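# What the coordinates show
Residue strings, one per chain:
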Amino acid sequence: LVFYKLFVDGHPAVEVLFECLLTILANVSPYLKNLCRITCMKLMNLFKLLAQPNFLFRAVRNYRYVFFLLDSFNNLIQYQYEGNYGLIYSLIRNQANFSALANIQLPEEKEEEEETKDDEDTTAKTEDKGDDEE
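What you see is a predicted model, and the numbers here were worked out from it, not measured in a lab. (Residues numbered from 1 in each chain as written. Predicted model: local features only at pLDDT ≥ 70, side-chain atom pairs only at ≥ 80, totals over all residues. Heavy atoms only, no water.)

Turning to the nonpolar core, a few remarks are in order. Counting residues in hydrophobic clusters, the biggest one holds 27 residues, and the most contacted among them are Leu 22, Leu 46, Phe 47, Leu 50, Leu 69, Phe 73 and Leu 87. Secondary structure elements with two or more residues in this core: helix H1 (2–9), helix H2 (18–28), helix H3 (37–50), helix H4 (53–56), helix H5 (63–79) and helix H6 (85–93). Non-local contacts of Phe 47, meaning those with residues more than four positions away in its chain, are made with Val 66, Leu 69, Leu 70, Phe 73, Asn 97, Phe 98 and Leu 101. (Core = buried A, V, L, I, M, F, W, Y, C linked by side-chain atoms within 4.5 Å. Buried < 20%, exposed > 50% of the residue type's maximum accessible area, 1.4 Å probe, protein only. Helix = DSSP H or I, 4+ residues; strand = E, 2+ residues; numbered from the N terminus. Contact = heavy atoms within 4.5 Å.)

Attention shifts here to the pattern of salt bridges. Scanning all chains against the criterion turns up 2 salt bridges. A salt bridge links Arg 64 to Glu 19, with the nearest nitrogen and oxygen atoms 2.6 Å apart. Taken as a pair, Arg 64 in helix H5 and Glu 19 in helix H2 lie far apart in primary sequence, 45 residues in all. Take Arg 64: its relative accessible area is 25%, and that puts it in the partly exposed class. Accessibility expressed as a relative area gives 17% for Glu 19, which makes it buried. (Salt bridge = Lys/Arg side-chain N within 4 Å of Asp/Glu carboxyl O.)

Take the packing of aromatic side chains next. Under the counting rule described, the total for this entry stands at 7 aromatic pairs. Ring centres 6.0 Å apart and planes at 75° place the aromatic pair Phe 18 and Tyr 65 in the edge-to-face group. Within this pair, whereas Phe 18 is found in helix H2, its partner Tyr 65 is found in helix H5, the two being separated by 47 residues in sequence. A single burial state applies to Phe 18 and to Tyr 65, both of which are buried. Between Tyr 81 and Tyr 85, the ring centres sit 6.2 Å apart and the planes meet at 80°, which makes this aromatic pair edge-to-face. (Phe/Tyr/Trp six-rings, centres within 6.5 Å; stacked < 30°, edge-to-face > 60°.)

Moving on to the confidence of the model for the protein chain. For the protein chain, mean pLDDT is 82; residues scoring 70 or higher make up 80% of the total. Confidence scores differ between elements of the protein chain, with helix H8 (residues 107–133) showing the lowest mean pLDDT of 59 and H5 the highest of 94. (pLDDT = per-residue confidence, 0-100.)

Before going further, it helps to examine H2. Buried residues of H2: Phe 18, Glu 19, Leu 21, Leu 22, Leu 25 and Ala 26, and no others. One face of H2 carries all of its buried residues, which in axial projection span an arc of 165°. Elements that come into contact with the buried residues of H2 comprise H1, H3 and H5. (Arc of directions from axis to C-beta.)

A surface patch of nonpolar side chains, about 320 Å² in accessible area, is lined by Ile 77, Tyr 81 and Tyr 85. If you trace the backbone, Ile 77 turns up in helix H5. (Patch = residues over 30% accessible without salt bridge, like charges linked within 9 Å, V, L, I, M, F, W, Y side chains within 5 Å. Areas by Shrake-Rupley, 256 points an atom, 1.4 Å probe, with all protein chains shown as cover.)

Where H1 meets H3, the axes come as close as 9 Å, and the angle between the chain directions of the two elements is 30°. One finds that H1 runs roughly parallel with respect to H3. Where H1 crosses over H3, the handedness of that crossing is left-handed. On the side of H1, the interface is formed by Tyr 4, Phe 7 and Val 8, while H3 contributes Lys 42, Asn 45, Leu 46, Leu 49 and Leu 50. Considering only residue class, the contact of H1 with H3 consists of 6 nonpolar, 1 polar and 1 charged. (Axes fitted to C-alpha atoms, helices over the stretch in contact; angles between N-to-C directions. Parallel < 35°, antiparallel > 145°, perpendicular 65-115°, else oblique. Left-handed = near helix turned anticlockwise from the far one by under 90°. Nonpolar A, V, L, I, M, F, W, Y, C, P; charged D, E, K, R; others polar.)

Our next topic: the side chain of Ser 90. Within the fold, Ser 90 resides in helix H6. Ser 90 has contacts with Cys 40, Met 41 and Met 44, leaving out every residue within four places of it along the chain.

What follows is the structure, given as structure tokens:
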């Protein structure tokens, strides 16, 4: 809960500690048993926040935050599966967020797709005009 509060409501000066805090979470995660439901939900909300494209592409090193959080999830599942059913349930309920991260596009690819769509629209409009004239 404290990690979530620091990330969401934290002062900009605290941003320097984000990587350190997530590293600590990843290192401690193999030993965490019986996470409560609220903690699991806050971890999922933190994942949603960190995996958003606008956050990921805002700074060069922001991808590391998602890496450490995914590493924490992996450790919790691998070493403490039996005690963390709430986390497993949260992971399954939020599988769309993981799929969105897997299908994320770089900003350059998005621009190219938008240009391609614009070109296709322009071509379609000129073809429609040609058909109307005949």
